[in-house]
Amino acid sequence: MATFDERARDWDTPERIERAGEVAVAIRKAVPLRPTDRLVDVGAGTGLLGLAFVDDVGDIVLSDPSSGMIEVATEKLESAGLRSVSAVRHDLLADPPPADRFDVAVSLLVLHHIKDTAAALAAIRELLVPGGRIAIADLDTEDGTFHTAEAEGIHHLGFDRAALRQLATAAGFEDVATRTATVLKEDGGRRYPILLLTGRRPPDQVPGG
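Counting starts from 1 at the beginning of each chain's written sequence and moves along it residue by residue. Per-residue local features of the predicted model are confined to residues with pLDDT of at least 70, and side-chain atom pairs are confined, for both listing and counting, to 80 or more; whole-chain, interface and lining totals are unaffected and use all residues. The basis for every side-chain value is the complete set of non-hydrogen atoms in the structure, without hydrogens or water.

1. With respect to the sheet that holds strand 1 (residues 38-42)
Formally: Here, any two strands with at least 2 DSSP bridges between them count as paired. Going along the chain from the N terminus, every DSSP run of H or I of four or more residues is numbered as a helix, and every run of E of two or more is numbered as a strand. To get an axis, a line is fitted to the C-alpha atoms, and for a helix only the part in contact is used. The angle between two axes follows their N-to-C directions and goes from 0 to 180 degrees. A contact between two residues is defined here by any heavy atoms of the two lying within 4.5 Å.
As summarised here, the arrangement of the seven strands in space is 3-2-1-4-5-7-6, forming an open sheet in which the pairing is mixed. In this open sheet, the two edge strands, each paired with only one partner strand, are strand 3 (85-89) and strand 6 (174-185). Each neighbouring strand pair of the sheet contributes to a mean axis angle of 20°, computed without reference to strand direction. Bridge count for strand 6 against strand 7 (residues 191-200) is nine bridges, and the pairing is antiparallel. Residue Thr-180 lies in a different strand from strand 7, and its bridge partner there is Leu-195. Packing against the sheet, helix 4 (residues 117-126) makes contact with strand 4 (102-108), strand 5 (128-139) and strand 7, and its axis sits at approximately 140° to strand 5. Sheet strands in contact with helix 5 (residues 161-170) are strand 6 and strand 7, and its direction is about 140° off that of strand 6.

2. Side note on the environment of Val-61
By the element assignment, Val-61 lies in strand 2 (residues 59-64). Taking the C-alpha atoms as reference points, Val-61 and Ser-84, 23 residues apart in sequence, are found 8.6 Å from one another.

3. Considering helix 2 (residues 14-30)
The criterion, for reference: Given a helix with a known number of residues, its expected span is that number minus one, times 1.5 Å. Only protein chains enter the calculation, and the probe is 1.4 Å; a residue is then buried if its accessible area is under 20% of its type maximum, exposed if over 50%, and partly exposed in between. Arc definition: directions from the helix axis to the C-beta atoms.
For helix 2, which comprises 17 residues, the first-to-last C-alpha distance of 25 Å matches the rise-based estimate of 24 Å (1.5 Å per residue) to within 8%. Among all positions in helix 2, only Arg-16, Arg-19, Ala-20, Val-23, Ala-24, Ala-26 and Ile-27 are buried. Taken end-on, helix 2 shows its buried residues confined to a sector of 165°, consistent with a single buried face. For helix 2, the exposed residues set more than 90 degrees away from the buried face come down to Pro-14, Glu-18 and Lys-29.

4. Quick notes on the nonpolar core
The condition is simple: To define a nonpolar core, start from buried Ala, Val, Leu, Ile, Met, Phe, Trp, Tyr and Cys residues and group those joined through side-chain atoms within 4.5 Å.
With 32 residues, the main nonpolar core has Val-23, Ile-27, Leu-49, Phe-53, Leu-62, Val-106 and Ile-194 as its most contacted residues. For Leu-49, the residues in contact, after removing those within four places along its chain, are Ala-20, Val-23, Ala-24, Ile-27, Asp-41, Val-106, Ser-107 and Leu-108. Val-42, Leu-121, Ala-123 and Leu-164 belong to the second largest nonpolar core, which has 25 residues in total.

Quick look at the structure:
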């Protein structure tokens, strides 16, 4: 089984680049993005999803627990001269949230790699400012054929949409919804829908409001 560190140099395949672009389009349709927003790409890998929003928001942080992925992402940022984007090694469940919170948190095919989905959603909520929004893309429930034997850390064979919405609501999000972001088509005719979970951290209550 190859680790994410070992796969980082070969991560940016045409298929993954296309997938990230399609999901980014779906996120733009579902979530209002402002030029002043700070956005974090959770489990960013080499930054394929997060970098798609360079022209949509102000600052972007590519966050990933894999040192290899962050190394590749950093090289991409330096090569492109993207000063509004940074790449940081951060473990969503093991590390404390950064002091500066975010207006938007996005991710692509990350949640099914985390065993405790409820804890992951709660941790993502803590990354956000009050009123901050999520756009989390992951697999619909599948039969286990999406990943190869080399895939690392698979804890969920996709997600039931209703169950995921319930978990997001329980984690403290409101306006929770799911929709189809894109459909991946594999050799042999298999189709794997990618869902998009959206919601927002409730704004702080104004005393007496």
